[in-house]
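What follows is each chain in one-letter form.
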Amino acid sequence: NSPLVLLTEGSRLIRRLFFQQNGDQILILPYLLPSLHCGRLIDVLLEGGGRLSFEWTKKTIRRLILYAEQDQELTLKFRSNVRSYRLRHHLKDKGER
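One numbering rule holds for all chains: residues counted from 1, following each sequence as written. In keeping with the model being predicted, local features are shown solely for residues with a pLDDT of at least 70 and side-chain atom pairs are shown and tallied solely at 80 or more, while totals for entire chains, interfaces and linings include all residues. With hydrogens and water stripped out, all remaining heavy atoms of the structure feed into the side-chain values.

A.B. asks: Sorry if this is basic, but what is going on with the overall build of the protein chain here?
C.D. replies: Working definition: helices are DSSP H or I runs of at least four residues, strands are E runs of at least two. Numbering for both runs from the N terminus. The helix and strand tally for the protein chain stands at 1 helix and 6 strands. Start at the N end of the protein chain and walk to the C end: the helices and strands fall as α-β-β-β-β-β-β. Its C-alpha atoms give the protein chain principal-axis dimensions of about 50 × 35 × 20 Å. Counting all 97 residues of the protein chain, 19% fall into the buried class. Look at the contacts in the protein chain between residues 6 or more apart in sequence, and 30% of them connect residues 24 or more apart. Only protein chains enter the calculation, and the probe is 1.4 Å; a residue is then buried if its accessible area is under 20% of its type maximum, exposed if over 50%, and partly exposed in between. Should any heavy atoms of two residues lie within 4.5 Å, those residues are counted as being in contact.

A.B. asks: Help me out: how do you make sense of the packing of aromatic side chains in this one?
C.D. replies: How two aromatic rings sit relative to each other is given by the distance of their centres and the angle of their planes. Paired rings are identified among Phe, Tyr and Trp, the last through its six-membered ring, by centres lying within 6.5 Å, and are further divided according to the angle between planes into stacked (under 30 degrees), edge-to-face (over 60) and tilted (the rest). In total, this model carries 2 aromatic pairs according to the counting rule given. Among the aromatic residues, those joined into a ring-pair cluster are F18, F54 and W56. The rule is short: NZ of Lys or CZ of Arg within 6 Å of the ring centre and within 35 degrees of the ring normal puts a charge over the ring. When the ring centre of Y67 is taken as origin, the NZ or CZ atom of R51, which lies over that ring, is 4.5 Å away.

A.B. asks: Whenever I open this one, the environment of G50 confuses me. Can you help?
C.D. replies: Its place among the elements puts G50 in the loop between β3 (39-45) and β4 (51-57). With 18 residues separating them in the primary sequence, G50 and A68 have C-alpha atoms 4.5 Å apart. Apart from the residues lying within four places of it in its own chain, the contact partners of G50 are V44, L45, Y67, A68 and E69.

Bear in mind that shape data such as this cannot, by itself, settle questions of function.
Printed below as a string of structure tokens:
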């Protein structure tokens, strides 16, 4: 057996600390370790197409960008309640709160 199997499985387990996708449901920071109180995850490939990038500070999401390749409905679940957010359809769009 190749040692690359170990690396592949290890990276999959590390990724699950920050992001999990179960069908159309995406869990953000489901198992965040205390030592990782801030950080950034960039260009994670989604099942079914698309990419996701996000950053957090004080264990709270500060920015999340979802690039969809097709029309689909997704559910985002966070560790803590999100009090407000701005939804933009394009980067140049100011969006709505």
